[in-house]
Amino acid sequence: MREYSLCPTIRKGVLFHMNYDFVREIASHFELDGAPVSIGELTAGHINSSFLLTMGTKPDAPIYVLQRINTFVFKDPVAVMENIGRVTVHIRNSYIAEGIDPDRRVLRFVPTTAGSLLYTDKDGGAWRLYRHIGGSTAYNSIESAALFREAGHGFGDFQARLSDFPADVLAETIPHFHNTPLRYETFLRSVETDAMGRAAGVHDEIEFLRGCRDFTSAITSRLGKDLPLRVTHNDTKINNVLIDDTTGKAICVIDLDTVMPGSSLYDYGDAIRSGACTAAEDEPDTDKVGFDMDLFKAFTEGFVASTAGGLTPTEIRLLPIGALMLTLETALRFLTDYLNGDAYFKTRYPEHNLVRARTQIKLYREMQACLDEMNAYVAKLVP
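Calculation criteria
Residues numbered from 1 in each chain as written. Predicted model: local features only at pLDDT ≥ 70, side-chain atom pairs only at ≥ 80, totals over all residues. Heavy atoms only, no water. Core = buried A, V, L, I, M, F, W, Y, C linked by side-chain atoms within 4.5 Å. Buried < 20%, exposed > 50% of the residue type's maximum accessible area, 1.4 Å probe, protein only. Helix = DSSP H or I, 4+ residues; strand = E, 2+ residues; numbered from the N terminus. pLDDT = per-residue confidence, 0-100. Contact = heavy atoms within 4.5 Å.

Generally speaking, a soluble globular protein has its nonpolar side chains buried in company with each other. Membership of the largest hydrophobic core comes to 102 residues, with the highest contact counts inside it found for Phe-187, Leu-209, Ile-272, Phe-291, Phe-296, Phe-299 and Leu-335. With 13 residues, the single largest contributor to this core is helix H9 (residues 319–339). Ranked by size, the runner-up nonpolar core spans 16 residues in total, among them Tyr-20, Ile-39, Met-55 and Leu-66.

Okay, structure coming up:
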């Protein structure tokens, strides 16, 4: 999970037109046919700096997104782009093999004049550029079960097209990202250190998470054994899949910075964690936090159907464990950050991370209460 996602599509109120000479200069180092006639800054993203480049005045003029990668978050931008390049080429080739035009189905990155996917400026800034996919929307909220089902189709198709990709050749752009046992040990150290003197005030939350220790290895202990190592997206929120404005169908998975080796349960689980909750991630009133089984079923149906047999029966049966695990892991991360003084996640007030942790703990409890029903539903989907 990341605190924020990129915004590689146009949304109301986030595009500002300015004359950026430095952006034009950076763009000149990429293989573009000419110079942009206008530049807009996309301001909804909170990780990378993004600019929209329009290459002409006609309605069908090409549009590109130029981004400066945040090297504080992604310390090895070369590895990030190597991962992205390998994965997008593989997906593109799979569409071509089916006779499908891939340009609206997968991000197309433009090389630099030196033939790289990454340009480094004189100040060490890391830049990339890709073709904007028009006529599509990245939704920030789940407006219906049908929309969430489409998101499931999108992320399921992503898994299917990479099911034959050797995941172990990819770099870990954020090491141990979903190593839940390690997250748990980090949490325990934060409790013991109690750097901010906050532990006494969250005794109940600490004790609840202590009781989850044995569960934390339920995925990692099986990964590479009966759970295959796969290419995972690792940020499967609703706004990271583009929905075609005309057909209403999922067409392209975006925000690929965290593509890494992992388990399909991670991607499925984070989508359910973030999408099937009845309240916002930082809802202070935990009575409002519930688990929506209809949304769970909608996403699961789309996800499993579009993996097209790419998941093993064991993976399908364990999908609910993925939802529980990612919820627990997120609770651990939020409470750890609260105990450490809010060093990782951005906060708007002193108890923000504590509120987030309590929301995830409540959601985890709600999922546990629904686990039998969740297991029964996925069992029907096993081929």
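Further notes follow.
The share of residues in the chain with pLDDT of 70 or more is 94%, and the mean pLDDT across the chain is 92. Across residues 1–18, where pLDDT falls below 50, the model places 79 contacts with residues more than four positions away in sequence or in other chains.

At Asp-194, a residue that is not glycine, the phi angle is positive and equals roughly 45°. Assignment of secondary structure puts Asp-194 in the loop between helix H4 (180–193) and helix H5 (203–210). Judged by relative accessible area, which is 26%, Asp-194 ranks as partly exposed. One non-glycine residue, Asp-255, lies in positive phi territory at about 55°. A residue is classified by how much of its surface remains accessible, and Asp-255, at 3% relative accessible area, is buried.

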